[in-house]
Each structure stands twice: as C-alpha cells, then as structure tokens.
Amino acid sequence: MKNHRWIAAVIYELSEDEARRAATGEVVNLQHKHRIGVDGPGCLNCERPYEEVQGTPCDSPAVKERP
Ligand SMILES: [Zn+2]
C-alpha cells in the first residue's frame, strides 16, 4: 500500500520588494510576523486534501515506495 505524503503550505505576505526578489528566484527571508495562514493538510503526491483521502492508499502514479 502506498502512503500519502502529508504536507501543509504556509502562506506569507510579501512586500513589493520581497515579491520582486522571490520572482527572480532570490531567496527571501520569510518573517514569522508576516505569516498569514496555512493551506492544507494535503498529499504532496496525489494533491488531494487530507479530509478526502485519509485512510485510503495514495493513488498517485508518481509516488515512490519507501525502502
Ligand atoms: Zn496521496
């Protein structure tokens, strides 16, 4: 049985300058006080929300079995 790989995405608010730098691939120092939310949990592999697929095997074709 393939397991889901649970993740949560943290949402940060960026300034104009930070957004421009992040868009060019520059590493932006994310400040905790600018954290405005969390998206998830969900599965990184099949991209389904936790509530929908918990207790079921992950059906993502890209999933790799752990050794
Ligand atoms: Zn999954």
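This text goes with the structure placed above it.
Residues numbered from 1 in each chain as written. Predicted model: local features only at pLDDT ≥ 70, side-chain atom pairs only at ≥ 80, totals over all residues. Heavy atoms only, no water.

(A) Quick look at the overall build of the protein. Helix and strand content of the protein: two helices and two strands. The order of α-helices and β-strands along the protein, N terminus first, is β-α-β-α. Taken over C-alpha atoms, the radius of gyration comes to 16 Å for the protein, far larger than the 11 Å a tight globule of 67 residues would show. Dimensions of the protein, computed from the C-alpha atoms along their principal axes, are close to 45 × 20 × 15 Å. Taking all 67 residues of the protein together, 16% fall into the buried category. Counting contacts in the protein only where the partners sit at least 6 residues apart, residues at least 24 apart contribute 60% of the total. Here the protein displays about 5,500 Å² of accessible surface, and carbon together with sulfur accounts for 50% of that area. Once the 9 positive and 11 negative side-chain charges of the protein are each reduced to a mean point, those two points are 6 Å apart. (Helix = DSSP H or I, 4+ residues; strand = E, 2+ residues; numbered from the N terminus. Rg over C-alpha atoms; globule rule 2.2 N^0.38 Å. Buried < 20%, exposed > 50% of the residue type's maximum accessible area, 1.4 Å probe, protein only. Contact = heavy atoms within 4.5 Å. Areas by Shrake-Rupley, 256 points an atom, 1.4 Å probe, with all protein chains shown as cover. Lys, Arg positive; Asp, Glu negative; His and termini not counted. Charge placed at Lys NZ, Arg CZ, Asp CG, Glu CD.)

(B) Fine view of the side chain of Ser60. Within the fold, Ser60 resides in the segment after α2 (50-53). In terms of polar contacts, Ser60 uses its side chain to reach the backbone carbonyl oxygen of Asn45, at 3.1 Å. Beyond its immediate stretch of four places on either side in the chain, Ser60 contacts Lys2, Asn45 and Cys46. (Polar contact = N/O pair within 3.5 Å; in protein donor to acceptor, adjacent residues only side chain to side chain.)

(C) Broad picture of the coordination of the zinc ion. In this structure, His4 (ND1), Cys43 (SG), Cys46 (SG) and Cys58 (SG) serve as the protein donors to the zinc ion, at separations of 2.1 to 2.4 Å. Considering all four donor atoms around the zinc ion, the spread of angles at the metal, 104 to 117°, places the coordination shape in the tetrahedral class. Along the chain, the residues that donate to the zinc ion are spaced as H-x38-C-x2-C-x11-C. On the accessibility criterion, Cys43 (3% relative accessible area) is buried. (Donors = N, O, S within 2.8 Å, 3.2 Å for Na, K, Ca; no water. Tetrahedral: all angles 85-135°; square planar, octahedral: opposite > 155°, others 65-115°.)

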